[in-house]
Amino acid sequence: SIATRSTHTDVESANVVARLEGSDPALKDEHVVYIAHVDHFGRGVAMNGDAIYNGANDNASGVAIVLDVARAYAALPTRPRRSVLFLFVTAEERGLLGSDYFARNPTVPKGGIVADLTLDMPFLFHPLLDIVPYGAQHSTLAAPVSKAAQHLGIEIGTDPIPEQVLFIRSDHFSFVRQGVPSLFIKSGFKTGDPAKDGSAINAAYRRDVYHKPNDDMSQPFDFEAGAKHAQLNFLTGWLVTQETARPAWNPGDFFGKVFG
């Protein structure tokens, strides 16, 4: 026999959003969104006496990159044609709650959100030599991310773990469900060092560190990889802001048919 007892508590937690207005009178009411979640698990089950779940990779790294992307946009001598939203959401770990609320109740007209780029645990374990742009195969966003990667000398790899269905597992999926083409760009597995297996490093993190107190700053971080992620995401989004045609789902695509 099994018995359960549940306790429910109301908690308020805020999203934070900033808007950079576009320069084109015909396009400034359309928006490209950059999103990162600010929550982790707070305090939880202790591990080696440490009960603080820091979330350095998940997702302070993504927040830092979105902040850097925002700084790059703010420094442009000419604003992009479309407007840009920089969105920091709460409660991703509790079921994409913050992003779902915003996607359903945005601070701009819902029909004016044309694309979403999510930064969540991009992985800064080694030099950024290749990426896996989850979602690129579903929409015309494949073109700008490919162009940006080529410009930076970054290769594009295939999804090594399709059974984990990462395209529906972070904040961009809240926008996908509202019909918005989205990208979720993660580091690939090339390290540039034959002695370092990128796939094994990734798997070890997911096994030993992911959603645990030791996801903290004691880990080795490749900050140049973080800078390159910022460059890549900036360039990808900037290309979308400049194109007159808004992003679209590919003809017959599953997500486009269900949500678009």
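Just so we're clear, the structure is a prediction, and the values are computed from it rather than from any experiment.

Conventions used here
- Residues numbered from 1 in each chain as written.
- Predicted model: local features only at pLDDT ≥ 70, side-chain atom pairs only at ≥ 80, totals over all residues.
- Heavy atoms only, no water.
- Phe/Tyr/Trp six-rings, centres within 6.5 Å; stacked < 30°, edge-to-face > 60°.
- Helix = DSSP H or I, 4+ residues; strand = E, 2+ residues; numbered from the N terminus.
- Buried < 20%, exposed > 50% of the residue type's maximum accessible area, 1.4 Å probe, protein only.
- Lys NZ or Arg CZ within 6 Å of the ring centre and 35° of its normal.
- Arc of directions from axis to C-beta.
- Contact = heavy atoms within 4.5 Å.

Caption draft 1: Molecular detail of the packing of aromatic side chains. Taken as a whole, this structure holds 17 aromatic pairs when the rule is applied. Aromatic side chains Phe-41 and Tyr-53 sit 6.3 Å apart centroid to centroid with 75° between the ring planes, which places their arrangement in the edge-to-face category. Here the residue Phe-41 occupies a position in the loop between strand S2 (31-37) and strand S3 (42-47), and Tyr-53 occupies one in strand S4 (residues 50-53), the gap between them amounting to 12 residues. Residue classification places Phe-41 among the partly exposed positions, given a relative accessible area of 23%. By relative accessible area, which is 13% here, Tyr-53 ends up buried. An aromatic cluster is built from Phe-167, Phe-173, Trp-249, Phe-254, Phe-255 and Phe-259, whose rings are joined through pairwise contacts. Here the guanidinium or amino end of Lys-186 rests over the ring plane of Phe-123, the centre of that ring lying 4.5 Å away.

Caption draft 2: Representation of helix H3 (residues 142-152) in the model. Those residues of H3 that fall on the buried side of the exposure criterion are Pro-144, Val-145, Ala-148, Ala-149 and Leu-152. On an axial view of H3, the arc spanned by its buried residues comes to 130°, and they lie on one face. Facing away from the buried side of H3 by more than 90 degrees, the exposed set consists of Ala-143, Lys-147, Gln-150 and His-151. Elements that come into contact with the buried residues of H3 comprise strand S7 (130-134), strand S8 (155-156), strand S9 (182-187) and helix H6 (223-242). One or two steps after H3, the chain reaches Gly-153, where phi turns positive at roughly 75°.

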